[in-house]
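# Results of the structural survey
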Amino acid sequence: MQSQLTKRGSGRELAVVLHGPHGSPEDMQGVSKALEERSKDIDILAPTLPYGGFFALVRTTPVEQIVREVVEEIDNALANRERRGDGGAYERLILVGYSCGAVIARKIAIVVHGETAGAPFVRDLKGLERTWAGSIERIILLAGMSRGWAPEIARDWFQAAFWTIGSWYCAIVAMLQLPVPTLYAMRQGQPFIVQTRLEWLALTRSDRLAEKRSARAHELSCRGGRFSSCEVLPAILVVQMLGATDDLVSPDDAVDIVADRGDNASFVLIETPDTTHHAAIKVRKPEDDQRRILEDALGGGLEPDAKPLTDICRELNLTDQARFLLLAKSASDSHNDLKKIAIAGIHMADTLPAAPDGRVTDVVFVIHGIRDKGFWTHKIARAVKQQAQRESRVFHSFTRTYGYFAIFPFVVPWVRHWKTCWLMDHYVLMRALYPEAKFSYIGHSNGTYLLARALLHYPAAKFHHVVFVGSVVRCNYPWSMLLPDKSENRPGQVDKILNYVATEDWVVAIFAKAFQTLEALFDIGSAGYDGFDEHRQQRRHPDLHEAKFIVGTHKAGIREAHWNDIARFIVKGRPPTNDAPRDAPPEWQAVQPRLLRVTSFGSPALLVVWAILGALFISSLAAIAWAAWLPLLYCVAVYLFVTRF
């Protein structure tokens, strides 16, 4: 990775400037000039990131590698500073990122502070803890995609279509196990985005920030010389600069208020007038008279008859100069001074979440499956709350729906993956709102898959008690890697798991099991009918439980007869009395119908027959679509068959 380092004055401070997609350090020169207003002694480090340039969309450098390389560039800059021979060092660091670069800037601040118990890092980002983390004073996010991009938040049809096509392309590439474009990691709900938000929450709620600052101040004071009076920095100040007319990022997604509610974090939102997403870095230094006009406008913003800054910029054509001045203030002014020109917290968005509630002891997710309206989730959640009330515990439930999910979309791997992204995006919200709570989970059908995939790809996700009903998770799912291991003093991501196994769940026995044989392409299976392999092992994990057998089909486990058992396990961790021991007799031979077992064994062949029949149905409709009005009916029939069946 190449970097441009601009040295100025005595070099007591360092600003790291990260450009956005298709960009380069040259595009950020105006931003660098605004940062120079902070001090004559500030140096500017501008790395060239791999996703820049014309071919940004097809660059496949892992974003974790980019983070690691930028940290190494900062290491080199600090080492070069100390080799200047004047005994000095960078006392303060500022991280500035534009668009996707803003996410990387925040991630850098996280990883150099080190891993916290509340949010473990992915393997590729371990070992990046640095002593200079305590010198980071603030992070400036220019049109930052803190929650990532998604087709649903695009403001025009072209951008939505472009992001949709890009999402499908990246998902197919990932399924084929080929290198995925870098920018796909920035999609809303993807592991990199969710992990960053969870890690930031854990960092701001820990004592790590204060410890690093104190240690860095002590290190600098021990050097002696003219920098021996370096004081302990306050908590990291996050400044989000959002364009008033940003056409790519919504206010909720850019601000990410949820991830900036930590008690130890400071946050301000500054809106730049008449600014789109791409114009956020178009800044121009104002002349002296222009600066006075803009300063007066900012200072008189609360006066009754004051003219808004937006009007002044439009009338005098000072928009670029206003951006420059606001950016310079964001880099230089104190938190209290910035509050005077920032958007008030209650005015940031209409969808502001409630304040964090430390009284809630537990949160339970109840997530439905395929071809399911999900109304039962509220009733099971109520049973859990009633059970918790007897134990004097306060439960909050999450029963939102990701919409009707037909069989055909369920078969498409990346569509299932996007539903997992939906789940984890809301998981961050719940973690932010209920900081003292333990999290449990009840999933049916596709709801079981969402959590199973999340546990493997989001190491910061942790759950207390988990119940699977009608599970479409693979039988060889590695629970031993996720459950606690007392011999290694490893807490695990899940404390206890209960899997309900049904007698006549033909959906899982035939449909899901057929795809289980295609392990290279599909990550679904028949644990809701066959049980988990690890449960049958000689030394199975003591916290892996299975209820064998509940009588009924795919929805047997979510019937009212089992609500109290499920609630009891979620609240107390007590499995039902029919939790089968490993050495129990093969009762499935007598309980599960023989015809279904035989059919389940031949499910791959039935899958081929089913696919042929579906193709014949669609082709037969096409064959009779000869009249002018029939093609329309044909399209409607195919759409309903694919999306509602």
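Residues numbered from 1 in each chain as written. Predicted model: local features only at pLDDT ≥ 70, side-chain atom pairs only at ≥ 80, totals over all residues. Heavy atoms only, no water.

### So, the overall build of the protein
For the protein, the helix and strand inventory stands at 23 helices and 13 strands. Across the protein, contacts joining residues at least 24 apart in sequence account for 80% of those joining residues at least 6 apart. As displayed, the protein has an accessible area near 28300 Å², and 55% of this comes from carbon and sulfur atoms. (Helix = DSSP H or I, 4+ residues; strand = E, 2+ residues; numbered from the N terminus. Contact = heavy atoms within 4.5 Å. Areas by Shrake-Rupley, 256 points an atom, 1.4 Å probe, with all protein chains shown as cover.)

### Observations regarding the nonpolar core
If you look at the biggest cluster of nonpolar residues, it comprises 126 residues, and the most contacted ones within it are Ile-74, Ile-108, Phe-365, Tyr-441, Phe-463 and Trp-479. Considering each element in turn, this core owes the most residues, 13 residues, to helix α14 (residues 413-433). Look past the residues within four positions of Phe-365 in its chain and what remains in contact with it is Phe-398, Leu-423, His-426, Tyr-427, Met-430, Phe-439, Ser-440, Tyr-441, Ile-442 and Phe-463. Val-283, Phe-324, Leu-326 and Leu-327 belong to the second-largest nonpolar core, a separate cluster that totals 37 residues. (Core = buried A, V, L, I, M, F, W, Y, C linked by side-chain atoms within 4.5 Å. Buried < 20%, exposed > 50% of the residue type's maximum accessible area, 1.4 Å probe, protein only.)

### Here we look at the packing of aromatic side chains
The relation between two aromatic rings is expressed through the spacing of the ring centres and the mutual angle of the planes. Counted by the stated rule, this structure contains 23 aromatic pairs. Both rings, one in Phe-405 and one in Phe-410, keep their centres 6.4 Å apart while their planes meet at 90 degrees; by these two values the pair is edge-to-face. According to the relative accessible area criterion, Phe-405 is buried, its value standing at 3%. Here Phe-410 falls in the buried class, since its relative accessible area comes to 1%. Seen from the ring of Trp-200, Arg-106 lies directly overhead, with NZ or CZ sitting 5.1 Å from the centre. For Arg-416, the ring lying beneath its charged end belongs to Phe-410, and the centroid distance is 5.5 Å. (Phe/Tyr/Trp six-rings, centres within 6.5 Å; stacked < 30°, edge-to-face > 60°. Lys NZ or Arg CZ within 6 Å of the ring centre and 35° of its normal.)

### Some points on the sheet that holds strand β8 (residues 362-367)
Across the sheet, which stays open at both edges, the six strands sit in the order β9-β8-β10-β11-β12-β13 with parallel pairing between neighbours. Either end of the sheet is taken by a strand with one partner, and the two such strands are β9 (395-398) and β13 (544-550). In this sheet, adjacent strand axes meet at a mean angle of 15 degrees when their direction is disregarded. Where β8 meets β9, four bridges bridge the pair, whose relative direction is parallel. (Pairing = 2+ DSSP bridges. Axes fitted to C-alpha atoms, helices over the stretch in contact; angles between N-to-C directions.)

### What about a nonpolar patch on the surface?
Nonpolar side chains collect at one region of the surface, where Phe-54, Phe-55, Leu-57, Val-58, Trp-157, Phe-158 and Phe-162 lie side by side and expose about 880 Å² of accessible area between them. One can find Phe-162 in helix α4 (residues 157-175). (Patch = residues over 30% accessible without salt bridge, like charges linked within 9 Å, V, L, I, M, F, W, Y side chains within 5 Å. Salt bridge = Lys/Arg side-chain N within 4 Å of Asp/Glu carboxyl O.)

### Points about the environment of Phe-410
Relative to the elements of secondary structure, Phe-410 occurs in helix α13 (residues 407-411). Taking the C-alpha atoms as reference points, Phe-410 and Gly-369, 41 residues apart in sequence, are found 9.7 Å from one another. If we ignore the near neighbours within four places in the chain, the residues touching Phe-410 are Ile-370, Phe-405, Arg-416, Asn-446, Val-472, Phe-511 and Ile-524.

### As for helix α19 (residues 563-572)
Looking only at α19, the buried set comprises Trp-563, Ile-566, Ala-567, Phe-569, Ile-570 and Val-571. Immediately beyond the C-terminal end of α19, within one or two residues, lies Gly-573, with a positive phi of roughly 75 degrees.

### Structural notes on the pattern of salt bridges
Evaluated as defined, the whole model comprises 33 salt bridges. The partner of Asp-425 in a salt bridge is Arg-197, with the nearest N and O atoms 2.8 Å apart. On the criterion of sequence distance, the pair formed by Asp-425 in helix α14 and Arg-197 in helix α5 (residues 191-204) is long-range, its members being 228 residues apart. Overall, the relative accessible area of 9% leaves Asp-425 in the buried class. Arg-197 sits in the buried class, given a relative accessible area of 3%. As a salt-bridge pair, Arg-416 and Asp-523 come within 2.7 Å of each other at their nearest N and O atoms. Here Arg-416, found in helix α14, pairs with Asp-523, found in the loop between α17 (506-516) and α18 (527-530); they are 107 residues apart in sequence, far enough to count as distant. Through salt bridges with shared partners, a single ionic network connects Glu-13, Arg-38, Arg-92, Glu-137 and Arg-138.

### Quick look at the packing of α17 against helix α21 (residues 594-601)
As a packed pair, α17 and α21 sit with axes 8 Å apart at the nearest point and diverge in direction by 15 degrees. What the angle tells us is that α17 and α21 run roughly parallel. When the axes of α17 and α21 are compared, the crossing they make is left-handed. Between α17, through Trp-506, Ala-509, Ile-510 and Lys-513, and α21, the contact on the second element is made entirely by Leu-596, Thr-599 and Ser-600. Here the residues of the contact of α17 with α21 sort into four nonpolar, two polar and one charged. (Parallel < 35°, antiparallel > 145°, perpendicular 65-115°, else oblique. Left-handed = near helix turned anticlockwise from the far one by under 90°. Nonpolar A, V, L, I, M, F, W, Y, C, P; charged D, E, K, R; others polar.)

### A word on the sheet that holds strand β4 (residues 92-98)
Sheet strands line up and pair through hydrogen bonds in the backbone, either parallel or antiparallel. Ordered by their spatial adjacency, seven strands build an open sheet running β1-β3-β2-β4-β5-β6-β7, and the pairing between neighbours is mixed. Single-partner strands in this sheet number two, and they are β1 (3-6) and β7 (266-272). Averaged over all pairs of adjacent strands, the angle between strand axes in this sheet comes to 15 degrees, irrespective of strand direction. Taken together, the four bridges between strand β2 (residues 13-18) and strand β3 (residues 42-47) define a ladder with parallel strand orientation. Residue Glu-13 lies in a different strand from β3, and its bridge partner there is Ile-42. Here helix α2 (residues 63-82) sits on the sheet in contact with β1, β2, β3 and β4, set at roughly 155 degrees to β2.

### Some thoughts on the pairing of strand β11 (residues 463-469)
Of all seven residues making up β11, seven are buried, and the element is well covered by its neighbours. One ladder, built from four bridges, connects strand β10 (residues 438-444) with β11; its direction is parallel. Bridge pairing in β11 places Ile-442 opposite Val-467. Remark: the β10/helix α15 (residues 446-457)/β11 crossover connection has right-handed handedness. Direction of pairing for β11 relative to strand β12 (residues 494-502): parallel, over a ladder of six bridges. Counterpart to Phe-463 in the pairing with β12 is Val-494. (Right-handed = clockwise from strand over helix to strand, strands pointing away.)

### Focus on the side chain of His-554
By the secondary structure assignment, His-554 is in the loop between β13 and α19. On the basis of relative accessibility, which here comes to 9%, the residue His-554 falls in the buried class. With near-sequence residues (within four places) excluded, His-554 lies in contact with His-444, Ser-445, Gly-470, Asp-505, Val-507 and Val-508.

### Some points on unusual backbone geometry
Cis geometry is found at the peptide bond from Lys-548 to Phe-549, where omega equals -5 degrees. Relative to the helices and strands, Phe-549 is located in strand β13. With phi around 70 degrees, His-22 is a residue other than glycine that occupies positive phi space. By the element assignment, His-22 lies in the loop between β2 and α1 (29-36). For Ser-99, which is not glycine, the phi torsion reads 60 degrees and is therefore positive. Looking at where Ser-99 falls in the secondary structure, it is placed in the loop between β4 and α3 (100-113).

### Description of the pairing of β10
Burial runs high along β10: six of the seven residues are buried. As paired elements, β8 and β10 share six bridges and run parallel to each other. What sits directly across from Val-364, in β10, is Ser-440.

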